[in-house]
Amino acid sequence: MLEENHWETHYALSLDLFNMSASLCWMQADTATMAERLDDVIKHSKTFDDSLPASCLLVKLLASTSDFDAARKNCGLILSKLGVNIPPEVNDSLVQSELKEMNETLRSITYDQMKALPPMTNETKRNAMKVSNLLCSYSVSTKPMLVPIVACLMLKLTLQYGFCDDSIVGLASVGYSVLLFGDESQTQLAINLGKVCECLIAESPRKHALQTRLCHELTWTLRTMTEPMQSVVALYPDLYSSAIKCGQMDDAVLCRVAYCGGLYWTGANLEKVASHCELCIKESAHYHQTTILYLCMSYLNSCCYLTGKDSSDVSCMSMEELSDIGEKTMPILEWQVFVHMCGAHFWSRDYRKLAELSARYRSEQYPHSQQRRILHVIQSFYEGIAFLWLARTTQQSKYRTLGERAVNHAAEMTSISRWNYESKAMLLQAELFYVDGDLLSAEAAYKASIMSAHEHKFVHEEALAYELHGVFCVENGMVTNGLEQLRHAKQKYEHWGATNVATRLQRYIDGIAGAKGSW
């Protein structure tokens, strides 16, 4: 036992023990004791350097409770004491200016160049890199425009003062920023930077820790640009295990929810997705990761809606409750819940309500920062199908314009990854041909979408393409063929586990078959 005045008599030992205790509390989800230990360290530290490990852990603690504003503010204060100043306000103009300034440097970066850099020995700069790493991590979902500013700063420090493990995080975050904020011509640059990072990580002694830290920026965002989404999703169980071994519980839970989201968006069986969501909800609650908890609840809500089965294993907030929380404190949650709510209208074919809802988050409100996020791709797809149906049924030109914008966006994404986006692009194109009255081209595009979705193993998109093709056939007098397509769609929906959607489609089939019989 330490004596009562141990901070005076055994300062160095007390510092080590209390920092170690706080770290162990973090891994064991004992946030109350962790907060007490950190408070003791910060209160008794004799120098700024002595307080730094505790200050960084405090940032993690704040972020775990979704107090991202305080987490970022603390990072900014620490960085200012390390001689690094972050702009108080960032906007798209500043981001574009920073990326333009760095463009030539980024294009010249290679694996060999990074390996040839000397080690970063300046302790102040190494600490600045560590804190900048944290700031990037907690800005990705809550203040994305800050990421390119901080990431470019990390790269500049690396090139000037030498290489460290956090240099890889900085470079990967730059690539992530180029992809999200740059134009189409810079996509390959972002992919190349990601490949350099993967090579550097493969040789690092901290390989597992770096892989899990970059599970969003490098794995989910950059790798899905070139690799089949299903193969990327399959990486997450191993990344989760690596995070657990490294004691990075926040990254472990992030890997867990990313796996749930990846399974959901790629059309995995919905009961399997729901089961993983329930595990994630329990784990994120245990480790007090409230943002992850709420994000996973949105996935579970959608699974329950599509399957028609409520979760009996965990308590789950409604979409409306989650939306209220997101609106007040978590923009990424608000946006994700919105996309899920659009999905509910989409899969029920309530396109008018979807169009009304989409006005809140119309795609053009985000000209750069969201264009290549998976959420934006899904939102644009949902909106595009709805707008083109409204264009056809209302004859209002504004809906055709909005639908055509979604067609163009899907075509751009297909040029990046045919596997991941072609079936969506072909289905949107089929609907646009239908709007324009080009029935032969529409027929060919529907069939191409079905084939692409089947080839690339997106069963939910295959079901949707069969359904929309069937509706097209029925509406244009090819009722027998239309019913065949609709029955294929129902089988695929059942395979996906979307019982509610299959039931809704069966009612439509029964109505068409009944009308045909009365002829």
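In this text, all values refer to a predicted model and were calculated from it rather than measured experimentally.

## What about the overall build of the chain?
Thinking step 1. When its secondary structure is counted, the chain shows 28 helices and zero strands.
Thinking step 2. For 519 residues, the compact-globule estimate of 2.2 N^0.38 gives 24 Å, and the C-alpha radius of gyration of the chain, at 25 Å, lies within 12% of that figure.
Thinking step 3. Reported as C-alpha extents along the three principal axes, the dimensions of the chain are approximately 95 × 55 × 35 Å.
Thinking step 4. For the chain, the residues scored as buried account for 57% of the 519 residues in total.
Thinking step 5. Within the chain, residue pairs in contact and separated by at least 24 positions form 66% of the contacts whose partners lie at least 6 positions apart.

## Quick word on the side chain of Arg-504
Thinking step 1. Among the secondary structure elements, Arg-504 is positioned in helix 28 (residues 499-518).
Thinking step 2. Of the polar contacts made by the side chain of Arg-504, one reaches the backbone oxygen of Trp-347; its length is 2.7 Å.
Thinking step 3. Reaching out from Arg-504, the side chain makes a polar contact with the side chain of Glu-467 at a distance of 2.4 Å.
Thinking step 4. Discounting chain neighbours no more than four positions away, the residues touching Arg-504 are Trp-347, Ser-348, Arg-349 and Glu-467.

## Concerning the packing of helix 18 (residues 290-307) against helix 20 (residues 331-347)
Helix packing for two helices is described by the angle between their axes and how far apart those axes are.
Thinking step 1. With their axes 9 Å apart at the nearest point, helix 18 and helix 20 run at an angle of 5° to one another. On the basis of their axis angle, the class for helix 18 and helix 20 is roughly parallel. Along its contact with helix 18, which presents Tyr-294, Leu-295, Ser-298, Tyr-299, Ser-302, Tyr-305 and Leu-306, the element helix 20 presents Ile-332, Leu-333, Gln-336, Val-337, His-340, Ala-344 and Trp-347.
Thinking step 2. Across the contact of helix 18 with helix 20, the residue classes break down as 10 nonpolar, four polar and no charged.

## Points about unusual backbone geometry
Thinking step 1. In the Ramachandran plot, Ala-29 falls in the positive-phi region, its phi being about 65° despite a non-glycine side chain.
Thinking step 2. With respect to the helices and strands, Ala-29 occurs in the loop between helix 2 (11-27) and helix 3 (31-44).
Thinking step 3. A positive phi angle, close to 60°, is found at Arg-349, a residue other than glycine.
Thinking step 4. With respect to the helices and strands, Arg-349 occurs in the loop between helix 20 and helix 21 (351-358).

## Thoughts on the packing of aromatic side chains
Thinking step 1. A complete count under the given rule lists 17 aromatic pairs for this structure.
Thinking step 2. Seen from their ring centres, Tyr-264 and Trp-265 are 4.9 Å apart, and the 80° between their planes marks the pair as edge-to-face. Assigned by exposure class, Tyr-264 and Trp-265 land together as buried.
Thinking step 3. With centroids separated by 6.1 Å and ring planes inclined at 75°, the aromatic side chains of Trp-265 and Tyr-299 adopt a geometry described as edge-to-face. Of this pair, Trp-265 sits in helix 16 (residues 249-265) while Tyr-299 is found in helix 18, placing the two residues 34 residues apart along the sequence. For the residue pair Trp-265 and Tyr-299, the accessibility class agrees, reading buried in each case.
Thinking step 4. Three or more aromatic residues joined by ring pairs form one cluster here, namely Phe-346, Trp-347, Tyr-351, Phe-381, Tyr-382, Trp-389, Tyr-493 and Trp-496.
Thinking step 5. The residue whose ring lies beneath Lys-46 is Tyr-11, and the NZ or CZ to ring-centre distance is 4.4 Å.

## Re helix 2
Thinking step 1. With 17 residues, helix 2 extends 25 Å between its outermost C-alpha atoms, agreeing within 8% with the 24 Å of an ideal straight helix rising 1.5 Å per residue.
Thinking step 2. Tucked inside the fold, the buried residues of helix 2 contact helix 1 (6-9), helix 3, helix 4 (48-64) and helix 16.
Thinking step 3. Just beyond helix 2, the residue with positive phi is Ala-29, at close to 65°.

## Brief notes about the pattern of salt bridges
Thinking step 1. Scanning the model with the defined rule gives 23 salt bridges in all.
Thinking step 2. Close ionic contact of Glu-217 with Arg-213 constitutes a salt bridge, the shortest N to O distance being 3.0 Å. Of the two residues, Glu-217 and Arg-213, both sit in the buried class.
Thinking step 3. The partner of Arg-392 in a salt bridge is Glu-431, with the nearest N and O atoms 3.4 Å apart. Of this pair, Arg-392 sits in helix 22 (residues 374-394) while Glu-431 sits in helix 24 (residues 418-435); the two residues are 39 residues apart in sequence, bridging distant segments of the chain. As far as burial versus exposure is concerned, Arg-392 and Glu-431 are alike and both buried.

## Looking at the confidence of the model for the chain
Close inspection of predicted coordinates is inappropriate for parts of the model with low pLDDT.
Thinking step 1. Per-residue pLDDT for the chain averages 92, and the proportion of residues at 70 or more is 97%.
Thinking step 2. In the predicted structure, residues 363-370 sits below a pLDDT of 50 and forms 17 contacts with residues beyond four places in sequence or in another chain.

## Remarks on the packing of helix 6 (residues 92-108) against helix 10 (residues 165-181)
Thinking step 1. Between helix 6 and helix 10, the least distance of the axes is 11 Å, while the angle of their chain directions is 120°. What the angle tells us is that helix 6 and helix 10 run oblique. Here the hand of the crossing between helix 6 and helix 10 comes out left-handed. Side by side, helix 6 and helix 10 meet where Asp-92, Val-95, Gln-96, Leu-99 and Leu-106 of the first sit next to Val-174, Ser-177, Val-178 and Phe-181 of the second.
Thinking step 2. Across the contact of helix 6 with helix 10, the residue classes break down as six nonpolar, two polar and one charged.

## Comments concerning the environment of Glu-383
Thinking step 1. Locating Glu-383 in the fold gives a position in helix 22.
Thinking step 2. In sequence terms Glu-383 and Gln-485 are 102 residues apart; their C-alpha atoms lie 23 Å from each other.

## Side note on helix 13 (residues 215-222)
Thinking step 1. Of all eight residues in helix 13, seven are buried; the element is thus mostly enclosed.
Thinking step 2. Considered for burial, the residues of helix 13 that qualify are Cys-215, Glu-217, Leu-218, Thr-219, Trp-220, Thr-221 and Leu-222.

## Quick notes on the nonpolar core
Thinking step 1. Leu-106, Leu-171, Trp-265, Phe-346, Trp-347, Tyr-382 and Tyr-493 are the most contacted members of the largest nonpolar core, which totals 174 residues.
Thinking step 2. Element by element, the count of residues in this core is highest for helix 22, at 13 residues.
Thinking step 3. Aside from chain neighbours lying at most four places away, what touches Phe-346 is Tyr-351, Leu-354, Phe-381, Tyr-382, Ile-385 and Leu-464.
Thinking step 4. In terms of nonpolar packing, the next biggest core, distinct from the first, is built from 13 residues, Trp-7, Cys-25, Met-34 and Ala-54 among them.

Criteria and cut-off values
Residues numbered from 1 in each chain as written. Predicted model: local features only at pLDDT ≥ 70, side-chain atom pairs only at ≥ 80, totals over all residues. Heavy atoms only, no water. Helix = DSSP H or I, 4+ residues; strand = E, 2+ residues; numbered from the N terminus. Rg over C-alpha atoms; globule rule 2.2 N^0.38 Å. Buried < 20%, exposed > 50% of the residue type's maximum accessible area, 1.4 Å probe, protein only. Contact = heavy atoms within 4.5 Å. Polar contact = N/O pair within 3.5 Å; in protein donor to acceptor, adjacent residues only side chain to side chain. Axes fitted to C-alpha atoms, helices over the stretch in contact; angles between N-to-C directions. Parallel < 35°, antiparallel > 145°, perpendicular 65-115°, else oblique. Nonpolar A, V, L, I, M, F, W, Y, C, P; charged D, E, K, R; others polar. Phe/Tyr/Trp six-rings, centres within 6.5 Å; stacked < 30°, edge-to-face > 60°. Lys NZ or Arg CZ within 6 Å of the ring centre and 35° of its normal. Expected span 1.5 Å × (residues − 1). Salt bridge = Lys/Arg side-chain N within 4 Å of Asp/Glu carboxyl O. pLDDT = per-residue confidence, 0-100. Left-handed = near helix turned anticlockwise from the far one by under 90°. Core = buried A, V, L, I, M, F, W, Y, C linked by side-chain atoms within 4.5 Å.

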